[in-house]
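Residue-level listing of the chains:
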Amino acid sequence: MTLDEFTRSFCTPECIEQCRDALTGVDRQWHEWHEGMPSASTIRFHMLTEEITVGDDAETKRRVWGEYVRDRMYGGDRYALDLEVLYQCDDLQRVFPFSDPVDSVGAMNDLWELQHDAGAAAKAHACVTLASLIDNVPPEYRDLLECPGIVVLLCKGSDLHDPQASFELGRLFASGRHLGPNERQAHRYFVRSAHEGFAHAWVYVAMDCANGFGTKASPDAMIDAFMEGAVHGDYTCCMMLGHLFSRGCPGSKLAARPDMQMANEYYAEALSLESMKVGPYGGHPEREDHIDADGNALRPLEDDEMTEAYVDAAFTEIVMREFQGE
């Protein structure tokens, strides 16, 4: 695509809005990909990203796009402001900390100032980003920061319904880091994060139910939580359900006895997730050449390539076949 074609295609208010939606999760990329069809905003965002990162003229296109977004932002475009905030969050997370702590503080202060007039989703994302960076600033320089501390930032993000902020608050309450340990509050924030769209939080909800942390211990409540996570595409939840159904779960009505068919279904789902880029808690893109669109192996795996999901799915399939043979 030539530079003129790129400008006509992407330097539009509609594209800014679509990129902002893709990055903030207004169009849930996780669920869309899992169901086999990404949203229009996600497709447009990935097309733009490819144009500004791949090719001899990628740097020029990236500069043109950045200037267009900033021009729209200074002209009062709220979507452009949101997008600029999200881009700055991404830039900070990639390069932080800087070699000079003063530069680190300056960049964080710039993001804190920029996010004030942004929309709720971008503002929350900035709060989570800043909270994740504070511990990397040397203690003697933290008084120079204009943003509040980690707990306040995460509370702001959670109040704006950011599931990552709620998840991180749950982890703080569970560990007692930066505030006093509180199992009930930890469980509350894990549940909130899970219901607001962070699928991996269901793992923490399930383990709370298993151990009675902040809630009543219940094997069936644990399994229900894992099932919710599996429905929303969490790899760990699928694997845990495979383990539970392959062995049986004493005290549970849902998995009182081993059920190899159910175990195989969840292991197979985990195996299919390994071929997808589904975020930091699952997905093994290096195995994409082994699996087709239906989850079938394209070629045998070498011993050092066999993941736990692959082995468990194969094992339960063999067990089912043997039982059926009887």
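Residues numbered from 1 in each chain as written. Predicted model: local features only at pLDDT ≥ 70, side-chain atom pairs only at ≥ 80, totals over all residues. Heavy atoms only, no water.

J.: Help me understand a negative patch on the surface in this model?
T.: Negative charge collects at one region of the surface, where Asp110, Glu113, Asp117 and Glu146 lie side by side. Mapped onto the fold, Asp110 is located in helix α7 (residues 101-114). (Patch = residues over 30% accessible without salt bridge, like charges linked within 9 Å, V, L, I, M, F, W, Y side chains within 5 Å. Areas by Shrake-Rupley, 256 points an atom, 1.4 Å probe, with all protein chains shown as cover. Salt bridge = Lys/Arg side-chain N within 4 Å of Asp/Glu carboxyl O. Lys, Arg positive; Asp, Glu negative; His and termini not counted. Charge placed at Lys NZ, Arg CZ, Asp CG, Glu CD. Helix = DSSP H or I, 4+ residues; strand = E, 2+ residues; numbered from the N terminus.)

J.: Please explain the environment of Cys19 as it appears in this structure.
T.: By the element assignment, Cys19 lies in helix α2 (residues 13-24). Excluding residues that lie within four positions of it along the chain, Cys19 makes contacts with Phe45, Leu48, Trp65 and Leu83. (Contact = heavy atoms within 4.5 Å.)

J.: Looking at this structure, I do not really get helix α15 (residues 260-274). What am I missing?
T.: For the α-helix, the turn length of 3.6 residues means that residues three or four positions removed from each other point alike. The end-to-end C-alpha separation of α15 is 21 Å, in line with the 21 Å expected for 15 residues at 1.5 Å each. Of the positions making up α15, those classed as buried are Met260, Ala263, Asn264, Tyr266, Tyr267, Ala270, Leu271, Ser272, Leu273 and Glu274. The N-cap residue of α15 is Asp259: its side-chain oxygen and the backbone nitrogen of Gln261 are 3.2 Å apart. (Expected span 1.5 Å × (residues − 1). Buried < 20%, exposed > 50% of the residue type's maximum accessible area, 1.4 Å probe, protein only. Polar contact = N/O pair within 3.5 Å; in protein donor to acceptor, adjacent residues only side chain to side chain.)

J.: Just to check I follow, could you spell out the confidence of the model for the chain for this structure?
T.: It should be kept in mind that the predicted coordinates are not to be read in detail where pLDDT is low. With 84% of its residues at a pLDDT of at least 70, the chain reaches an overall mean of 86. Below a pLDDT of 50 lies the segment residues 28-36, which in the model reaches 23 contacts outside its immediate sequence neighbourhood of four places, other chains included. Predicted confidence for residues 277-305 stays below pLDDT 50, and this span has 44 contacts to residues more than four positions away or in other chains. (pLDDT = per-residue confidence, 0-100.)

J.: Just to check I follow, could you spell out the pattern of salt bridges for this structure?
T.: In a structure, side chains of opposite charge can pair up when their charged atoms sit close to one another. By the definition in use, this model includes 11 salt bridges. Two residues, Arg20 and Asp82, come together in a salt bridge whose shortest N-O distance is 3.2 Å. With Arg20 in helix α2 and Asp82 in helix α6 (residues 78-95), the pair connects residues that are 62 residues apart, well separated along the chain. Using a relative accessible area of 14% as the deciding quantity, one classes Arg20 as buried. Because the salt bridges share partners, they merge into one network encompassing Arg20, Asp21 and Asp82.

J.: Just checking my understanding: could you explain the packing of helix α12 (residues 201-211) against helix α13 (residues 219-231) for this structure?
T.: The description of two helices packed together rests on the angle between their axes and the distance between the axes. Taken N-terminus to C-terminus, the directions of α12 and α13 make an angle of 175°; their axes are 8 Å apart at the nearest point. For the element pair α12 / α13, the angle class is roughly antiparallel. Along its contact with α12, which presents Trp202, Val203, Val205, Ala206, Met207, Cys209 and Ala210, the element α13 presents Ala221, Met222, Ala225, Phe226, Glu228 and Gly229. Taken together, the residues of the contact of α12 with α13 sort by class into 11 nonpolar, one polar and one charged. (Axes fitted to C-alpha atoms, helices over the stretch in contact; angles between N-to-C directions. Parallel < 35°, antiparallel > 145°, perpendicular 65-115°, else oblique. Nonpolar A, V, L, I, M, F, W, Y, C, P; charged D, E, K, R; others polar.)

J.: What am I meant to see in the nonpolar core here?
T.: When a protein is soluble and globular, its nonpolar side chains tend to lie buried together. Within the largest apolar cluster, 83 residues are counted, with the highest numbers of intra-cluster contacts made by Trp65, Val85, Met108, Cys147, Leu153, Met222 and Phe226. Beyond its immediate sequence surroundings of up to four residues, Phe226 is in contact with Val203, Ala206, Met207, Cys237, Met240, Leu241 and Leu244. (Core = buried A, V, L, I, M, F, W, Y, C linked by side-chain atoms within 4.5 Å.)

J.: Would you take a moment to explain the packing of α13 against helix α14 (residues 235-247) for this structure?
T.: Two numbers describe how α13 lies on α14: the axes approach to 8 Å, and their chain directions differ by 135°. Classified by the interaxial angle, the pair formed by α13 and α14 is oblique. Crossing geometry of α13 relative to α14 is assigned as left-handed. The segment α13 lies against α14, with Met222, Ile223, Phe226, Met227, Gly229 and Ala230 engaging Cys237, Cys238, Met240, Leu241, Leu244 and Phe245. Here the contact of α13 with α14 is composed, by residue class, of 11 nonpolar, one polar and no charged. (Left-handed = near helix turned anticlockwise from the far one by under 90°.)

J.: Would you mind going over the packing of aromatic side chains with me for this structure?
T.: For any pair of aromatic rings, the description rests on two quantities: the centre-to-centre distance and the angle between the ring planes. Tallied over the entire structure, the rule returns nine aromatic pairs. Measuring from ring centre to ring centre gives 5.9 Å for Phe245 and Tyr266, while their planes differ by 10°; the resulting arrangement is stacked. Of this pair, Phe245 sits in helix α14 while Tyr266 is found in helix α15, placing the two residues 21 residues apart along the sequence. Overall, Phe245 belongs to the buried group, its relative accessible area being 3%. In this structure Tyr266 comes out as buried when scored by relative accessible area, which is 15%. Through pairs of rings, three or more aromatic residues link up here, namely Phe167, Phe190, Phe198 and Tyr204. The side chain of Arg188 reaches across the aromatic face of Tyr189, ending 4.8 Å from its centre. (Phe/Tyr/Trp six-rings, centres within 6.5 Å; stacked < 30°, edge-to-face > 60°. Lys NZ or Arg CZ within 6 Å of the ring centre and 35° of its normal.)

J.: Help me understand α7 in this model?
T.: Between its first and last C-alpha, α7 extends 20 Å over 14 residues, near the 20 Å set by a 1.5 Å rise per residue. The complete set of buried residues in α7 reads Pro101, Ser104, Val105, Ala107, Met108, Asn109, Leu111, Trp112 and Leu114. Elements in contact with the buried residues of α7: α5 (58-74), α6, α8 (120-133) and α9 (150-159). The backbone nitrogen of Val102 lies 3.0 Å from a side-chain oxygen of the residue at the head of α7, namely Asp100.

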